[in-house]
Amino acid sequence: MAYDIAVVPGDGIGTEVVDHSMPVVEEAADAHDVSINITRYDWGSERYLAEGAMMPEDGLDRLRDHDAIFLGAVGHPDVPDHVTLHGLRLEITKGFKQHVCKRPSYLFEGITSPLRNYGGGDIDFVVYRQNTEGEYADLGGREYEGFDNEVAVQSALFTREGTETIVRAAFEAATERAGKLTNVTKSNAQAHGMVFWDDIVEEVHGDYPDVEVERLLVDAASMDFVRRPEEFDVIVASNLFGDILTDLGAGISGSMGLAPSSNIDPTRTHPSMFEPVHGSAFDITGEGIANPIGTVLSWELLWDHLDEGAVARGLHNAVAEQLADSGAPRTPDIGGESGTEAVANDLRTRVE
Ligand code: NAI
Ligand code: MG
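Residues numbered from 1 in each chain as written. Chains lettered and ligands numbered in written order. Predicted model: local features only at pLDDT ≥ 70, side-chain atom pairs only at ≥ 80, totals over all residues. Heavy atoms only, no water.

K.L.:
So what's going on with the pattern of salt bridges? Residues and values would help.
P.N.:
When their charged atoms lie close together, side chains carrying opposite charge are able to pair. Evaluated as defined, the whole model comprises 27 salt bridges. Asp 58 serves as the salt-bridge partner of Arg 62, at 3.2 Å between the closest nitrogen and oxygen. Under the relative-accessibility criterion, Asp 58 is labelled partly exposed at 35%. Between Asp 243 and Arg 103 there is a salt bridge, with its nearest N and O atoms 4.0 Å apart. One end of the pair, Asp 243, is in helix α8 (residues 239–252); the other, Arg 103, is in strand β4 (residues 100–106), and 140 residues separate them in sequence. A residue is classified by how much of its surface remains accessible, and Asp 243, at 23% relative accessible area, is partly exposed. Assessed through its relative accessible area of 5%, Arg 103 is described here as buried. Where salt bridges share partners, they join Lys 180, Glu 214, Asp 224, Arg 227, Arg 228 and Glu 231 into one cluster. (Salt bridge = Lys/Arg side-chain N within 4 Å of Asp/Glu carboxyl O. Buried < 20%, exposed > 50% of the residue type's maximum accessible area, 1.4 Å probe, protein only. Helix = DSSP H or I, 4+ residues; strand = E, 2+ residues; numbered from the N terminus.)

K.L.:
If you had to explain empty space enclosed by the protein to someone new, which residues and values would you point to?
P.N.:
On inspection of all chains with the given rule, the structure shows one cavity of 30 Å³ or more. There is about 30 Å³ of room inside the largest cavity. Every residue along the wall of the largest cavity is listed here: Arg 103, Pro 104, Ser 105, Thr 246, Ala 250, Ala 259, Pro 260 and Val 277. Of all the secondary-structure elements, those providing two or more residues to the lining of the largest cavity are β4 and α8. With three residues, β4 is the single largest residue contributor to the lining of the largest cavity. Counted by class, the lining of the largest cavity contains five nonpolar, two polar and one charged residues. (1 Å grid on protein atoms, 1.4 Å probe; cavity = no way out; pocket = protein on both sides within 12 Å on 5 of 7 lines; lining within 4 Å. Points joined across faces, edges and corners; volume = space filled by probe spheres on them. Nonpolar A, V, L, I, M, F, W, Y, C, P; charged D, E, K, R; others polar.)

K.L.:
Please give an account of the environment of Gly 327 that cites residues and values.
P.N.:
For Gly 327, the location among the structural elements is in the loop between α10 (309–324) and α11 (340–350). Sequence separation of Gly 327 and Asp 61 is 266 residues, and the distance between their C-alpha atoms is 46 Å.

K.L.:
Describe the domain arrangement of the protein chain, listing the residues and the values that go with them.
P.N.:
What the domain assignment reports for the protein chain is domain 1 (1–100 + 261–352) and domain 2 (124–252). The interface is formed by eleven residues belonging to domain 1 together with 14 residues belonging to domain 2. Carbon and sulfur atoms make up 54% of the surface buried where domain 1 meets domain 2, a total of about 1100 Å² over both sides. The largest share of the area that domain 1 buries against domain 2 comes from Lys 94, His 99 and Val 100, three residues that together contribute 54% of it. (Domains from an automatic or database assignment. Contact = heavy atoms within 4.5 Å. Buried area = accessible area lost by both parts, 1.4 Å probe.)

K.L.:
So, the layout of surface pockets: which residues are in play, and what are the values?
P.N.:
If you add up the space inside the largest pocket, you get close to 890 Å³. Around the largest pocket, the lining comprises 35 residues; the ones closest to its centre are Lys 102, Val 126, Tyr 128, Ala 173 and Leu 301. Among the secondary structure elements, those contributing two or more residues to the lining of the largest pocket are β4, β5 (124–130), α5 (160–176), β11 (260–264) and α9 (293–305). Broken down by element, the lining of the largest pocket gets its largest block of residues, seven residues, from α5. Grouping the constituent residues of the lining of the largest pocket by class yields 18 nonpolar, seven polar and ten charged.

Right, dumping it as C-alpha cells:
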C-alpha cells in the first residue's frame, strides 16, 4: 500500500524530532512493503512572523486529501502562544472534526519513573481527551480593556456531537482493553457543562453495559495519577482536563519526550493528525538533544489508525528494545548523554 502523508514539522524541536525520525519511519514502512509519499508544509511561527499567518488561507484544503497528517510542534518565543495554537493546531483539529485525542501513557522497561516502586509495564493507561471544544472553544471576549472595570469572559462549550463522539470512542477502547473506564469530571462545581458531560457518559454506558465506569473529580484524579496509576486503564476527560492529565501521565511515565498523541476523526471523513504531546521546547531548541521517541510512538499511532499494524508494531518494538538496552544511546531527559540523531540512528537499526 502507498500513503500520502502531510508533514508539518512546525517550530523549535518540532522540526528536529520530525526530521530525525523520518528515516526510522521509512525503514519500518519499507520492511512491510508500505510506501509513503510525504508532502512537507513549512507552516508555523516563522511563516507567521514573515506573512502574518501560521498557515495559508487554503491550508485545510491542501491537507484534506492526505491519508493522515503529522505535526511536530508549534510555539515561538516571539509569538504569543494563543496565536500559534489557534492559528494552526486548533484550526486543523476543529476544521477536520478531530473530536478524539488519544494519548497513551506507558512506563517502558528501562525507564525510571519519578514514582517509587514502579517498573516496566506498571503504568499502562490511555487518556481519551475531547479535542475540539470544551474549555478550548474560542468563545468569549474582553471589554473595557485597561480600565478599572475591565472584564474578560471565557466560556466552555459542550455539544452533543463533540461529547458523545469522545465518550463513545472511550467506551470502544475500554471494550478492547480491560473493560474499565474512568470518567474524569468536575460536575460538582461546573453544574452545566460537566453535568451534561456526565449525563452523556451515563447515556452511552447503556450501549456498553459490560464496561465498568468509575467517576472521579479531576482534582482527585490528579492525586490518583500519582498515588495509584496502575489502576487506570481508559480515561475520558474534557479538553482542558485531558490536556493537564496527559502531561502528568507523561511525567510519571518518565519524560515528556516519550509521550505520543493523536487527533482522530472517528468517521474518517477527514484526515487524522498525529503529533508528540510536547511543544517546541524553547529551552532546548537547537541543541540537538530533543528526544525523538514521542514522535516515533506518534507514528506508531498513525500506522495503527491506517490499519498498518505491522509497521506500528515495528516502531513500538524498536523503541521498547532500545529503552530496555542499558548500553543504547539515550537523550538527557531520560538520563542519557546522546543526541536526537544518535538515538534515531540506533532506533533505525532495531526496526523490523
Ligand atoms: P514543551 O512541551 O515544549 O516543554 C516542556 C519541557 O519538557 C521543557 O523543559 C522541554 O525541554 C521538555 N521537553 C519537551 N519535549 C521534549 C523532548 N522531545 N525531549 C526532551 N525534553 C523535552 O512545553 P512548554 O515549554 O510549555 O512550551 C513551549 C512552546 O510550545 C510554547 O509556545 C507552547 O505554547 C508550545 N506548545 C505546543 C504544543 C503543540 O504544538 N502541540 C504543545 C505544548 C506546548
Ligand atoms: Mg498540552
